[in-house]
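Structural characterization, general
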Amino acid sequence: MVTIKDVAREADVAISTVSNVFNNADIVSEETKQRVLAAVEKLHYIPNMNAKLLKSNRKNTIGVFLTSLQGDFYRVLTQAIHLQCRLNNYLLNIYVSNENSPDEIYRMIIASGVAGAIIYHEDLTGDYVKRIATVNIPMVFIDRDSKGKNVSGVVSDDKLGASMAVDHLIKLGHKRIGYMHGNESGDDKHRYQGYVEMMQKNNLPIDENIVLRGFYEESLAYSEMRSMLAGGVDIPDAMFCANDEMAWGVIQALQDVGYKVPEDVSVIGYDDSILSAYYGVPLTTVHSPITEMGNASATELFRLLHDDGDKSGTVTKLSPKMIYRSSCGKHKEK
């Protein structure tokens, strides 16, 4: 078994230096750190106190690496992956890396001892992906159009979903349509692109005063909407929100100052979370194929793990669909 001494010898550094690299100590130069990481890759060393145990479990353990566990999206996604793991007699470990750097996430994956990784993290790109592939850990990225040897992607067409939502509002006669951003992520970027392009296609202006950011959280979306309503800005005809939780926050903010949904303002969410049909005002939303993404990512990972011949990655693209409920109505002149 490869030990930390072997890594130190290969990198021509002291054992303490290797340990400092694993612990992300600031005292190690970038050049030395890269030399140690190169030695880790070459020797397939797992830098973990439980490395022996992890290696023994690696054959039947899948790792899911996420930026968060907050919200219905992650619950539904991980449940779908877990079910596929059970059906295929694999264990599932979940790792959350919200504020970690790409270098830390890379080392987390290497140290995990998993047979394969399902990754929902935009910062892990380029050289880091290549490094992981060299130690023979197959990867499937969620919401990223990536493919290569031992690397696949599963994506949902968020731009299409957003276009469908805005098109629905326009067909109801709404012209002054606002947008509630999530965080600065790929899915929010694509949803915002769909919003912008559909507004431009219909020659409708975008008022930046009603383009807000709720970071995918109900409470923050509520605060942003209340601040906008208190600021003397003309209220929008409709609000399109990048997820359902933010849509609930927007609806509550509107109701708390006396507006009615959908009589005064129509609201659309995104994801079709499990509670969206049961909210005070049943939410019109875009159904994001979250369960399908979980199923497809796990299925593709098992293919990469068990197919001795073809290790070429693929990209699976899934389509959203509109779910029509009570939070949208025809435009009425104010």
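Residues numbered from 1 in each chain as written. Predicted model: local features only at pLDDT ≥ 70, side-chain atom pairs only at ≥ 80, totals over all residues. Heavy atoms only, no water.

**Some points on the pattern of salt bridges**
Here is the rule: Take a side-chain nitrogen of Lys or Arg and a carboxyl oxygen of Asp or Glu: if they are within 4 Å of each other, that pair is a salt bridge. Each helix corresponds to a stretch of at least 4 residues labelled H or I by DSSP, and each strand to a stretch of at least 2 residues labelled E; elements are numbered beginning at the N terminus. Remark: exposure states derive from per-residue accessible area (1.4 Å probe, protein chains only) relative to the maximum for the residue type, with buried under 20%, exposed over 50%, and partly exposed in between.
Following the criterion strictly, the structure yields 11 salt bridges and no others. Linking Arg-325 and Asp-272 is a salt bridge whose minimum nitrogen-to-oxygen distance equals 3.0 Å. Of this pair, Arg-325 sits in the segment after strand S12 (321-323) while Asp-272 sits in the loop between strand S9 (266-271) and strand S10 (284-287), and the two are 53 residues apart along the sequence. On the accessibility criterion, Asp-272 (18% relative accessible area) is buried.

**Focus: the packing of helix H8 (residues 158-171) against helix H9 (residues 186-201)**
We count it as follows: Every angle, taken between N-to-C directions, lies between 0 and 180 degrees, and every axis is a line fitted to C-alpha atoms, over only the stretch in contact when it is a helix. What sets the label is the angle itself: under 35 degrees gives roughly parallel, over 145 gives roughly antiparallel, 65 to 115 gives roughly perpendicular, and the rest give oblique. Note: crossing handedness is left-handed where the near helix turns anticlockwise from the far helix by less than a right angle, and right-handed where it turns clockwise. The criterion used for residue contact is that any of the two residues' heavy atoms lie within 4.5 Å. Under the scheme applied, nonpolar residues are Ala, Val, Leu, Ile, Met, Phe, Trp, Tyr, Cys and Pro; charged residues are Asp, Glu, Lys and Arg; polar residues are all the others, including Gly.
One way to put it is that H8 packs onto H9 with a least axis distance of 7 Å and a crossing angle of 40°. Here H8 is positioned oblique relative to H9, judged by the angle of their axes. Relative to H9, H8 is oriented so that their crossing is right-handed. From H8, Asp-158, Lys-159, Ala-162, Ser-163, Val-166, Asp-167 and Ile-170 reach across to H9, where they touch Asp-187, His-190, Arg-191, Gln-193, Gly-194, Tyr-195, Glu-197, Met-198 and Met-199. Class assignment for the residues of the contact of H8 with H9 results in 6 nonpolar, 4 polar and 6 charged.

**Some points on a nonpolar patch on the surface**
Rule in force here: Residues with no salt bridge and a relative accessible area higher than 30% make up the patches, which join like charges within 9 Å and nonpolar side chains (Val, Leu, Ile, Met, Phe, Trp, Tyr) within 5 Å. Here the accessible surface of atoms and residues is derived via Shrake-Rupley with a 1.4 Å probe, and residues count as covered only by protein chains that are part of the display.
On the surface, Leu-69, Ile-94 and Val-96 cluster together into a nonpolar patch covering about 240 Å² of accessible area. Along the chain, Val-96 turns up in strand S2 (residues 91-96).

**Points about the sheet that holds strand S11 (residues 315-318)**
This is how it is decided: At least two bridges found by DSSP between two strands is the condition for calling them paired.
The sheet built from 6 strands is open, its strands ordered S2-S1-S3-S4-S5-S11 with parallel pairing. In this open sheet, the two strands that pair with only one neighbour each are S2 and S11. Taken pair by pair, the neighbouring strands of this sheet meet at an average axis angle of 15°, ignoring direction. The pairing of strand S5 (residues 151-156) with S11 spans 4 bridges and is parallel. Along S11, the bridge assignment pairs Val-155 with Lys-317.

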